[in-house]
Amino acid sequence: MTNLMVNDAAKVDAADNVKVFIAPGLEGSLVSLKARYENFIGGKWVPPVKGEYMDDVSPVDGKAFCQVARSTKEDVELALDAAHAARVAWGETSLTDRAKVLNMIADVLEANLTMLAVAESYENGKPVRETLAADLPLAIDHFRYFAGATRSLEGRTTEIDKDTVAFHFHEPLGVVGQIIPFNFPLLMAAWKIAPALAAGNCTVLKPASPTPWSILKFAELLDGIVPKGVINVVTGPGAEIGKALATSPRIAKIGFTGETTTGRLIMQYAAQNLIPSTVELGGKSPNIFFADVMNADDEFLDKAIEGLVLYAFNKGEVCTCPSRALIQESIYDKFMERCLARIAKITQGNPLDTSTMIGAQVSNQQLEKIESYVEIGKQEGAQVLIGGNVATVDETLADGYYFEPTVMKGHNKMRVFQEEIFGPVLAVTTFTDEAQALEIANDSLYGLGAGVWTRDGNLAYRMGRGIKAGRVWTNCYHLYPAGAAFGGYKISGIGRENHQMMLEHYSQTKNLLVSYSTKPLGFF
Amino acid sequence: MTGPPEPPGIDATGEARSAIADLVSAGGPVMFFQSGGCCDGSLPMCFRQGEFIIGDHDVLLGTISDCPFYIDHRQYEVWKGTRLTLDVGAGEPEGFSLAAGPGLHFIVRSRVCDASASDQFLGN
């Protein structure tokens, strides 16, 4: 992800320090495991009111490894009770102390980085080299960023006239509901929790149904750091507790990352309570390679080739997965030859092995969906250039959810070019010139991310401004630094994350309009 | 495939119809909306009838056991080259959709069809 992180990942290999972490709960593992996890409410572990639990399955081997609460709306109410009990005190906590809490969260995450990286890898199926080098460092930095951002955010004062002043204060919204996706459980929790807390809100967080556990491992670390009730985590099915949370008249805002239909539903629920919502709903991001990337066989070309292969990052389960590669016709054969050779070298295997580059899809549902998309692509006439099949990586992991890194060549009207497959499947096509590149790039319902690769700065700028997407990576991809706004155009969503402006999304504006004059208006 | 190309639209497997029948008898009519985008986008979402507000530009793709199946009009433009079959898959729904029975979720299977026969769906 960032250069720092890529270097860190590389160090593991360079030092010949490849190792396989022991799965959570087994003897010698860094990660302790309980048979059963309750909800984290008011700083305590609270059993679900109806006493029901559900299995959490690891995609690594397709086996259930613990149980989490199968909560109901009664549990959401308990979490809202705890959040409301903490609301006034947390909202009145000084910025100094709020920032201190955020920094302490970052510190405890950092102290437990390797443990959480292993937990996250086992929970989601992503390779541990990614969680060690990207997910956890980014989550940690996110808390530090918002600790600083909230202290540097200033209210504005406007002199209306000589004796009249408008003061603008940021005030917390109160209690917010946050529903996060399964692809980066801890990082998405950080993206949601850090700005909410920094702005003085308490949160009730619902993890994604396939990945509830690693966030509970995070919550285990919060004792004595975060005041009770400021962060509450309730696990369970979306149709039950997601709905109960999003429809609750006791939340002041709902934040959601997921798919478009639930996004609409969230906004519908928010409309019924007249509260704000932010929704991030995915994309089908174009990654555009102009002919001049091959003007030299140098480090930049190597970077561009890796830039294409980044579609396999987190097994393609990324909202901004660069899943449409647009390559200028004149270099297509030579460039793709180099890229396919690189893709063929991707090591697929046990996610807990530090040499593994691609792990397991998050669930059987996702695996089947990816298979069905490859089939649709073939029916529509797309050509499979590499991969295309479910993968078996190891006999002991035979029930895991592995899919080969895949490339399909076709045209932009095909469904595999238009829909987010959320797997390691790249759809590749060609363009002749800048105008056609822009036309294809924008021929999409979505507009979350895009990549532009060229040695021509003016061309890069024109393309970057022309593409209808919230983030255009220029000569890079998949960097997610705190401080760079992230969010969608078109049906990819509403709102921005990852930036100080997020604090505005989680604040009210209070205007005090003050007259320092003693003179009456004179109307009455 | 032999015979004339099929029009776009939706049909369902016996398992899907059976799951719908169970949902309807347990709690009343249901509706479907085809999702898109991140995570479990591209799955059909099943809701209680009226839970999800249908907009003026949503497209009614068909009805299954009297339950309407809708899709966003922009997404319909992309999907109209494939005919859908509602089916049931293993695993609980990952989002807000109702389950298709314990431990099951609704899925759609797609096969290429005759997109030129799509006009019948527009404007409803």
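What counts, and where the lines are drawn
Residues numbered from 1 in each chain as written. Chains lettered and ligands numbered in written order. Predicted model: local features only at pLDDT ≥ 70, side-chain atom pairs only at ≥ 80, totals over all residues. Heavy atoms only, no water. Core = buried A, V, L, I, M, F, W, Y, C linked by side-chain atoms within 4.5 Å. Buried < 20%, exposed > 50% of the residue type's maximum accessible area, 1.4 Å probe, protein only. Helix = DSSP H or I, 4+ residues; strand = E, 2+ residues; numbered from the N terminus. Contact = heavy atoms within 4.5 Å. Pairing = 2+ DSSP bridges. Right-handed = clockwise from strand over helix to strand, strands pointing away. Salt bridge = Lys/Arg side-chain N within 4 Å of Asp/Glu carboxyl O. Axes fitted to C-alpha atoms, helices over the stretch in contact; angles between N-to-C directions. pLDDT = per-residue confidence, 0-100. Phe/Tyr/Trp six-rings, centres within 6.5 Å; stacked < 30°, edge-to-face > 60°. Lys NZ or Arg CZ within 6 Å of the ring centre and 35° of its normal. Buried area = accessible area lost by both parts, 1.4 Å probe. Nonpolar A, V, L, I, M, F, W, Y, C, P; charged D, E, K, R; others polar. Expected span 1.5 Å × (residues − 1).

### What about the nonpolar core?
Step number 1: With 150 residues, the main nonpolar core has Ile105(A), Phe143(A), Ile231(A), Val293(A), Leu308(A), Ile327(A) and Phe335(A) as its most contacted residues.
Step number 2: Per-element tally for this core: the top contributor is helix α6 (residues 185–198) of chain A, with 11 residues.
Step number 3: Apart from the residues lying within four places of it in its own chain, the contact partners of Val293(A) are Phe300(A), Leu301(A), Ala304(A), Ile331(A), Phe335(A), Trp453(A), Thr454(A) and Arg455(A).
Step number 4: By size, the runner-up hydrophobic cluster in this structure holds 42 residues, among which are Ile20(B), Val30(B), Cys46(B) and Phe69(B).

### Thoughts on the pairing of strand β13 (residues 286–289) of chain A
All names here are of chain A.
Step number 1: Here β13 shows no split at all, with Pro-286 and Ile-288 on one side and Asn-287 and Phe-289 on the other all buried.
Step number 2: Here β13 pairs with strand β14 (residues 324–328) via four bridges, running parallel. Residue pairing across strands places Asn-287 opposite Ala-325, the latter belonging to β14.
Step number 3: With helix α10 (residues 299–309) bridging β13 and its parallel neighbour β14, the resulting β-α-β unit is right-handed.
Step number 4: Examined bridge by bridge, β13 and strand β21 (residues 449–453) share three bridges and lie parallel to one another. By the bridge assignment for β21, Asn-287 is matched with Gly-451.

### Quick notes on the pattern of salt bridges
Step number 1: This model, assessed by the stated rule, comprises 25 salt bridges over all chains.
Step number 2: Two residues, Arg455(A) and Asp298(A), come together in a salt bridge whose shortest N-O distance is 2.8 Å. Separated by 157 residues along the polypeptide, Arg455(A) in the loop between β21 and α15 (457–466) and Asp298(A) in the loop between β13 and α10 bring together distant segments of the chain.
Step number 3: Its relative accessible area of 33% is what places Arg455(A) among the partly exposed residues.
Step number 4: Residue Arg111(B) pairs with Asp11(B) through a salt bridge whose shortest N-O separation is 3.3 Å. On the criterion of sequence distance, the pair formed by Arg111(B) in strand β7 (residues 104–112) and Asp11(B) in strand β1 (residues 10–12) is long-range, its members being 100 residues apart.
Step number 5: Overall, the relative accessible area of 25% leaves Arg111(B) in the partly exposed class.
Step number 6: Because the salt bridges share partners, they merge into one network encompassing Glu77(A), Asp81(A) and Arg250(A).

### Let's talk about the sheet that holds β1(B)
Step number 1: Overall, mixed pairing links the three strands, which are arranged β1-β6-β7 (chain B) in an open sheet. Strands with a single pairing partner mark the edges of an open sheet, and in this sheet they are β1 and β7 of chain B. Strand-to-strand twist across the sheet, computed as the mean angle between neighbouring axes with direction ignored, equals 30°.
Step number 2: In terms of strand pairing, β1(B) meets strand β6 (residues 82–90) of chain B through three bridges, oriented parallel. If you follow Ala12(B) over to β6(B), its bridge partner there is Leu86(B).
Step number 3: Across the sheet, helix α12 (residues 364–379) of chain A is in contact with β6 and β7 of chain B; its angle to β7(B) comes to roughly 10°.
Step number 4: In the packing of helix α1 (residues 14–27) of chain B onto the sheet, contacts are made with β1, β6 and β7 of chain B, and the angle to β6(B) comes to roughly 65°.

### Section: the confidence of the model for chain B
Step number 1: Averaged over every residue, the pLDDT of chain B is 88; the share at 70 or more is 90%.
Step number 2: Among the prediction metrics, the complex's ipTM stands at 0.90, with pTM recorded as 0.94.

### A closer look at the packing of aromatic side chains
Step number 1: Inspection of every chain in the model, using the stated rule, returns 22 aromatic pairs over all chains.
Step number 2: For the pair Trp473(A) and Tyr477(A), a centre-to-centre distance of 4.2 Å together with 35° between the ring planes defines the contact as tilted. Both residues of the pair, Trp473(A) and Tyr477(A), belong to the buried class.
Step number 3: Ring centres of Phe32(B) and Phe69(B) lie 5.8 Å apart, and the angle between their planes is 15°; on these two criteria the pair is classed as stacked. Of this pair, Phe32(B) sits in strand β2 (residues 30–34) while Phe69(B) sits in strand β5 (residues 67–71), and the two are 37 residues apart along the sequence. Both residues of the pair, Phe32(B) and Phe69(B), belong to the buried class.
Step number 4: Over the aromatic face of Tyr332(A) sits the side chain of Lys409(A), whose NZ or CZ is 4.4 Å from the ring centroid.
Step number 5: The ring of Trp79(B) carries the charged tip of Arg415(A) above its face, separated from the ring centre by 3.7 Å.

### Side note on the interface of chain B and chain A
Step number 1: On the chain A side, the residues contacting the 37 residues of chain B number 40 residues.
Step number 2: Both faces combined, the contact of chain B with chain A buries some 3300 Å², and carbon together with sulfur accounts for 55% of it.
Step number 3: If you sort the residues of chain B by the area they bury against chain A, Cys39(B), Glu94(B) and Phe96(B) come out on top, with a joint share of 25%.
Step number 4: The interface formed by chain B and chain A contains three salt bridges.
Step number 5: The closest approach of N and O atoms between Glu92(B) and Arg70(A), which form a salt bridge, is 2.9 Å.
Step number 6: Every element with two or more residues in the side of chain B that touches chain A is listed here: β2, β3 (44–48), α2 (73–79), β6 and β7 of chain B.
Step number 7: Of the residues contributing to the side of chain B that touches chain A, the split by class is 15 nonpolar, 14 polar and eight charged.

### Some details on α12(A)
Step number 1: Compared with the 22 Å implied by 1.5 Å per residue over 16 residues, the 23 Å span of α12(A) between its first and last C-alpha is a close match.
Step number 2: Gln365(A), Gln366(A), Leu367(A), Lys369(A), Ile370(A), Tyr373(A), Val374(A), Ile376(A) and Gly377(A) are the residues of α12(A) that are buried.

### As for the sheet that holds strand β4 (residues 53–58) of chain A
All names here are of chain A.
Step number 1: Strand order in the open sheet made by the three strands is β1-β5-β4, with mixed pairing throughout. Of all the strands in the sheet, just β1 (36–37) and β4 have a single pairing partner and so form its edges.
Step number 2: Note: β4 against strand β5 (residues 63–69), six bridges, orientation antiparallel. Residue pairing for β5: Tyr-53 is matched across the bridge by Ala-69.

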